[in-house]
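So you can see what is in the structure, the chains are spelled out below.
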Amino acid sequence: MVKEKQLHNINWDKLTFSITPTRSMYEAHCELDGEWDEGKLVPFGNISLSPAAGVLNYGQGVFEGMKAYRSVKNRVVLFRPEKNALRAATSAERVCIPPVPKDQFIAACEQVVRDNIDYIPPRGKGSLYLRPVIWGTGPVLGVSPAPSYTFLIYVSPVGPYFKSGVKCLNLRITNQFHRAAPKGTGGHKVIGNYAASLFPQKMVKKAGFDDAIYLNAANEKYIEEVGSANLFAIKDNVLMTPSVDGSILPGITRDSVLTIARETLHMEVREHSISIKDFLKADEVFCSGTAVVVTPVGKITTNNTSTTINHNKMGPITKKIRKLLLGIQREEIEDPFGWIYPIN
Ligand SMILES: *Cc1c(COP(=O)(O)O)cnc(C)c1O
């Protein structure tokens, strides 16, 4: 491993989920209907764009979120990067961005991690967050696909996502806003989805909640997800989560949780619509995502009534799933699914 010597003075104990500049970022380019060039590392820093760039005017952009971290085997690993590569390609196609080939996507992740290896926090202190973005950067005036594209990966050391650590989340079901429409872009990591979630998030935070739970837009009867994490409920040992039907983001952590529950814990697993009523009757509720991993939900508020879940404590099954997932990710237990991707 190169550059293991730390060449900066970051205080690992003070890391939050925020941006810290690093050494380099990866950058590649492509013309509309063309091929991606092989790309290269450039110093981390500001980029220069036409004010008419497609991404700036019409939101033609997609992103991914991944982590590189030190496992107990003392190696630097990624978690299921091929899944991010595939999702980035599907997201890109939804907004007419030329998809980045899977192998190039993964090789680019490896390259940027290797060059910023000394920015990966020590084991237990956090991880190096990877943010691949693919943007329409060429100029356009009318609403149409940009003439050229940029694939960029920047990285930042991060601590835990929620300031409170693994404390239970206090969530508000919102019927004032929708995150995604049926047949819209909710099922893809398209940048505009997140701009749309800022105001709802601000409103619920102002009212003292950690985040909003969105309902399905068609009739507001069913639970969808949190702004950047998928939702799960456990009732009588059955694990339930809304099915991926276009408006829910197909989380890689979601898929990993379902696999662990099914294959390792031999639980019954159901993917279907979950009504608000059934959701509030759950024995345990948690959310999942790369940033939040598995985080328990302790309280859910709808209109004026609050429901406490499992006495506002992490439930036993949530705990088991979290432990298994983190165990595999940290290489503390054997990875039976081939999820760990070491970087040499
Ligand atoms: C990224 C994201 C998730 C979580 O996906 P992971 O692949 O598990 O990180 C869930 N919901 C939304 C809306 C997201 O953007």
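Summarised in this report is the structure supplied together with it. (Residues numbered from 1 in each chain as written. Predicted model: local features only at pLDDT ≥ 70, side-chain atom pairs only at ≥ 80, totals over all residues. Heavy atoms only, no water.)

Looking now at the site of the ligand. The local shell around the ligand holds 15 residues, among which Lys189, Tyr194, Glu225, Thr253 and Thr290 are the closest. A distance of 2.7 Å is found between an oxygen atom of the ligand and a side-chain nitrogen or oxygen belonging to Lys189. Taking Tyr194, its side chain carries an N or O atom lying 2.4 Å from an oxygen atom of the ligand. Burial of the ligand by the protein chains amounts to 96% of its free accessible area of 380 Å². Elements with a minimum of two residues in the shell around the ligand: β11 (229-235) and α5 (252-264). Counted by class, the shell around the ligand contains four nonpolar, seven polar and four charged residues. (Near = heavy atom within 4 Å. Polar contact = N/O pair within 3.5 Å; in protein donor to acceptor, adjacent residues only side chain to side chain. Areas by Shrake-Rupley, 256 points an atom, 1.4 Å probe, with all protein chains shown as cover. Helix = DSSP H or I, 4+ residues; strand = E, 2+ residues; numbered from the N terminus. Nonpolar A, V, L, I, M, F, W, Y, C, P; charged D, E, K, R; others polar.)

Side chains of strand β12 (residues 238-241) alternate between two faces, with Val238 and Met240 and Leu239 and Thr241 buried alike. Across three bridges, β11 lies against β12 in antiparallel orientation. Along β12, the bridge assignment pairs Ile234 with Leu239. Hairpin remark: β11 followed by β12, antiparallel, with two residues in the connecting loop; positive phi at Asp236, about 50°. (Buried < 20%, exposed > 50% of the residue type's maximum accessible area, 1.4 Å probe, protein only. Pairing = 2+ DSSP bridges.)

Further remarks concern the pattern of salt bridges. Here the idea is simple: oppositely charged side chains can pair when their charged atoms come close. Inspection of the entire model under this criterion finds 13 salt bridges. Between Lys125 and Asp13 there is a salt bridge, with the nearest N and O atoms lying 2.6 Å from each other. Of this pair, Lys125 sits in the loop between α3 (102-115) and β6 (127-136) while Asp13 is found in the segment before β1 (24-31), placing the two residues 112 residues apart along the sequence. Using a relative accessible area of 35% as the deciding quantity, one classes Lys125 as partly exposed. The exposure class assigned to Asp13 is exposed, which follows from its relative accessible area of 58%. Arg75 is paired through a salt bridge with Glu331; the nearest N and O atoms lie 2.6 Å apart. Taken together, the residues Arg75 in the loop between β4 (66-70) and β5 (76-79) and Glu331 in the loop between α7 (316-329) and β17 (340-343) connect sequence positions 256 residues apart. The exposure class of Arg75 is partly exposed, given its relative accessible area of 30%. Owing to a relative accessible area of 8%, Glu331 belongs among the buried residues under this scheme. What emerges from the salt-bridge pattern is a single network uniting Lys73, Arg75 and Glu331. (Salt bridge = Lys/Arg side-chain N within 4 Å of Asp/Glu carboxyl O.)

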